[in-house]
Structure formats: structure tokens, C-alpha cells
Amino acid sequence: EASGSIGEEVDYKIIGIEPGAGIMQATDTALKEYENLADWEVVESSSAAMASELQKAYEDEEPIIVTGWTPHWKFAKFDLKYLEDPKGVYGEAEVIQTLVRQGLKDEQPNAYTVLDQFFWTPDDMAQVMVEIQDGADPVEAASAWVEDNSDKVAEWTSGAEKVDGEKIKLAYVAWDSEIASTNVVAKVLESIGYEVELLQLDAGPMFAAIAEGDADGMVAAWLPGTHAAYMEEYGDKVEDLGPNLEGAKIGLVVPAYMDVDSIEDLK
Ligand code: PBE
């Protein structure tokens, strides 16, 4: 067991995800704002690689610090905690919003209706995420959830008429939360007759695709903080359909067995 500081134990590294994610921008800010993090670095990685490093460390009860967010299956699988953020770099509670391209309402009113009415809870999303993490194919997991939750699905499709194979394109990033939500929305659109194409992109290109009309919609805008910079750039070229989930959060996350509670105490 190492007896050094937490910094020494983790080699002054925070395990990050894809560059372009809002949480990576926030973590760059944290390294500047917290003097005790001046000599730390955030390691670029991917959401999947971050989660598997976390799992490995957790199984060995080793120290690790990751960029983390809720909803995410990791909180169902491991006993974790957010580090307190007294400077408020990671913001308060977030919502996830649905954005569509301008013109969708007139051209694809039924898809628009579904996207506008799509709203679920962190718990709903977690069910799909945990299934996928346990090995289910995302399409299958989404399909099972849609079958088991016909009451919610009926609310989302209320007022939408069936269509005959019209095409619709949804953009998303391969974050576990968005793999779950995007596949569920795709299933629901398919259930009223759409032919849905999923377009996997990085965060910036996802916003650009909606702004430029290269994709019809997305359910992956974390606001007001995480994707503030992207909204500043693209917000007036998209139509914002409001929250599809409330109670999201981002921050630095560690296993509960680590003896640290605040970002300020990382030394
Ligand atoms: N996330 C998951 C994203 C938004 C969804 C928190 C990794 C981000 O940081 O941009």
C-alpha cells in the first residue's frame, strides 16, 4: 500500500475521456482554477477506456480519479463519490436537452412531435445503460425497454401519426448515456414507421450537424454548463426542444474507499 500523497499515488493524473467532451473543457478549467492542481494533468482517453480503467482500479482497491457523470451505470456497479467542487467549476445540476434542425417541424412533423415529447428519468436511462454494460446489444436493450415501458412511449408518441418509411437521422456521441437515449428514441421513431439512421460523431461535429441540417435531431445537449461553449456557437442555428432528462451532473469521481472528499484536497 502506497503511503504517499494522493497525487503521488495516482501519478498526478486524472483519467479523462474524449477531447471535445464538455467535461474535458471543465477539467482543463479546474486545473487552472485550483492551485493545488497546477502540476496535474488530465489524460485524454475515451468513455469506454475510462470506465474500464475505473473498473480495474476498483477491483484492486487502487486509487483512481476520473472525469465522471450522472446518469452513468458506474454508480450502479461501484461505490463511488463526487469530489466536492468549492469553486463550482463543474456547475450545478444539469439537464439533457433535445435539439433539432431548423425546418424539421414543417418537414417531419411526426418525428418532431416525438422528439419534442421525449422525456424520461435518470432511473429509466440507467436501466438501459446497465443492460448494455451487462452485455446486451444497445439496439436490443433499447427495444426491451421500449416494450416494457409502453405507457411512457405512448406519451411520447401521442399526437404523432404513423409514417411510411420516412428517413430521419439522429446524431449522437458514444457516451454511455447517449448510446442509451439515442437508441431508445430511434426505436420509438421506428415504431411509428420511420427509418432511422444513427450518426456517431464527436461532440462539436454533433452540434454542427444539427446546425447545418446534416442531421435532423439529437438528444445529447448537456446544459446549462457542460455544452455551454457549443450552444454559444450553434444555439441560434438549431431549435431547442427543452429538457429530455433532469438531474444530470458532471464532476471528478473517485471510489468511496479513497480518503479524499474535495478537489481542494488533491495534493
Ligand atoms: N459527458 C456525457 C458529456 C455529456 C454527456 C458528461 C461525458 C460531456 O462531457 O460532454
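All values derive from a computational prediction rather than experimental measurement.

What follows covers the packing of helix H7 (residues 122-133) against helix H8 (residues 138-148). Packing of H7 against H8 brings their axes to within 9 Å, and their N-to-C directions diverge by 140°. The angle between H7 and H8 falls in the class oblique. Judged by the twist between their axes, the crossing of H7 over H8 is right-handed. In contact with Asp-124, Gln-127, Val-128, Glu-131 and Ile-132 of H7, H8 contributes Pro-138, Ala-141, Ala-142 and Trp-145. Residues of the contact of H7 with H8, tallied by class, amount to six nonpolar, one polar and two charged.

Before going further, it helps to examine empty space enclosed by the protein. In this approach, a probe sized like a water molecule rolls over the atoms, and the result shows the empty space that is left. Per the stated rule, a full pass over the model turns up one cavity of 30 Å³ or more. Size it by volume and the largest cavity reaches roughly 90 Å³. Taken together, Ile-17, Ala-21, Gly-22, Ile-23, Trp-69, Trp-175, Ser-177, Trp-222, Thr-226, His-227 and Ile-250 form the lining of the largest cavity. Here the residues of the lining of the largest cavity are counted per class, giving seven nonpolar, four polar and no charged. Residues lining the lining of the largest cavity come from more than one domain, with at least three contributed by each of domain 1 (6-92 + 250-265) and domain 2 (95-248).

A few words now on the packing of aromatic side chains. Inspection of the entire model under this criterion finds eleven aromatic pairs. The interplanar angle of 40° and the centroid separation of 5.8 Å between the aromatic rings of Tyr-58 and Tyr-257 together place this pair among those described as tilted. You can see Tyr-58 sitting in helix H3 (residues 47-59) and its partner Tyr-257 sitting in the segment after strand S9 (238-255), a full 199 residues away along the chain. For Tyr-257, a relative accessible area of 30% puts it in the partly exposed group. Connected via pairs of aromatic rings, a cluster forms that spans Tyr-58, Trp-73, Phe-78 and Tyr-257. Against the face of Tyr-34 rests Lys-87, its NZ or CZ located 5.5 Å from the ring centre. The ring centre of Tyr-82 lies 4.6 Å from the NZ or CZ of Lys-249, which sits over that ring.

Evaluated as defined, the whole model comprises nine salt bridges. Across the pair Asp-11 and Lys-13 runs a salt bridge, and its minimum N-O distance is 3.1 Å. Notably, a salt bridge pairs Glu-190 with Lys-187, separated by 3.3 Å at the nearest N-O pair. Linking Glu-190 with Lys-187, this pair stays in helix H10 (residues 176-191), spanning three residues, or about one helical turn. Lys-187 gets classed as partly exposed once you look at its relative accessible area, which sits at 22%. Salt bridges sharing partners connect three or more residues here, namely Asp-11, Lys-13 and Glu-41.

Another point: the pairing of strand S3 (residues 66-70). If a strand is regular, its side chains alternate between the two faces of the sheet. With four of five residues buried, S3 lies mostly within the body of the structure. Sheet analysis places S3 next to S9, joined by five bridges and oriented antiparallel. Residue pairing in the sheet places Trp-69 in a bridge with Ile-250 of S9.

Bringing the domain arrangement of the protein chain into the picture now. One can read the domain layout of the protein chain as domain 1 (6-92 + 250-265) and domain 2 (95-248). Averaged C-alpha coordinates put domain 1 and domain 2 at centres separated by 27 Å. Each side of the interface is counted separately: domain 1 has 17 residues, and domain 2 has 19 residues. Taken together, both faces of the contact between domain 1 and domain 2 bury some 1400 Å²; the carbon and sulfur share is 60%. Where domain 1 packs against domain 2, one counts one salt bridge.

So, about the site of the ligand. Ile-17, Ala-21, Gly-22, Ile-23, Trp-69, Trp-175, Glu-178, Trp-222, Thr-226, His-227 and Ile-250 make up every residue found near the ligand. Counting atoms within 2 Å of the grid points, the majority share of the ligand lands in the largest cavity. Residue classes in the shell around the ligand are distributed as seven nonpolar, three polar and one charged. Counting only domains with at least three residues in the shell around the ligand, you end up with domain 1 (6-92 + 250-265) and domain 2 (95-248).

Counting buried residues along helix H11 (residues 203-211), eight of its nine residues qualify, which places the element largely inside the surrounding structure. Among the residues making up H11, those that are buried are Ala-203, Gly-204, Met-206, Phe-207, Ala-208, Ala-209, Ile-210 and Ala-211. Where H11 is buried, its residues meet strand S5 (94-101), strand S6 (167-172), strand S8 (217-223), helix H12 (228-234) and S9. Two residues or fewer past H11, Gly-213 is found with a positive phi of approximately 80°.

Quick notes on the rules
- Residues numbered from 1 in each chain as written.
- Predicted model: local features only at pLDDT ≥ 70, side-chain atom pairs only at ≥ 80, totals over all residues.
- Heavy atoms only, no water.
- Axes fitted to C-alpha atoms, helices over the stretch in contact; angles between N-to-C directions.
- Helix = DSSP H or I, 4+ residues; strand = E, 2+ residues; numbered from the N terminus.
- Parallel < 35°, antiparallel > 145°, perpendicular 65-115°, else oblique.
- Left-handed = near helix turned anticlockwise from the far one by under 90°.
- Contact = heavy atoms within 4.5 Å.
- Nonpolar A, V, L, I, M, F, W, Y, C, P; charged D, E, K, R; others polar.
- 1 Å grid on protein atoms, 1.4 Å probe; cavity = no way out; pocket = protein on both sides within 12 Å on 5 of 7 lines; lining within 4 Å.
- Points joined across faces, edges and corners; volume = space filled by probe spheres on them.
- Domains from an automatic or database assignment.
- Phe/Tyr/Trp six-rings, centres within 6.5 Å; stacked < 30°, edge-to-face > 60°.
- Buried < 20%, exposed > 50% of the residue type's maximum accessible area, 1.4 Å probe, protein only.
- Lys NZ or Arg CZ within 6 Å of the ring centre and 35° of its normal.
- Salt bridge = Lys/Arg side-chain N within 4 Å of Asp/Glu carboxyl O.
- Pairing = 2+ DSSP bridges.
- Buried area = accessible area lost by both parts, 1.4 Å probe.
- Near = heavy atom within 4 Å.
- Sits in = over half its atoms within 2 Å of the grid points.

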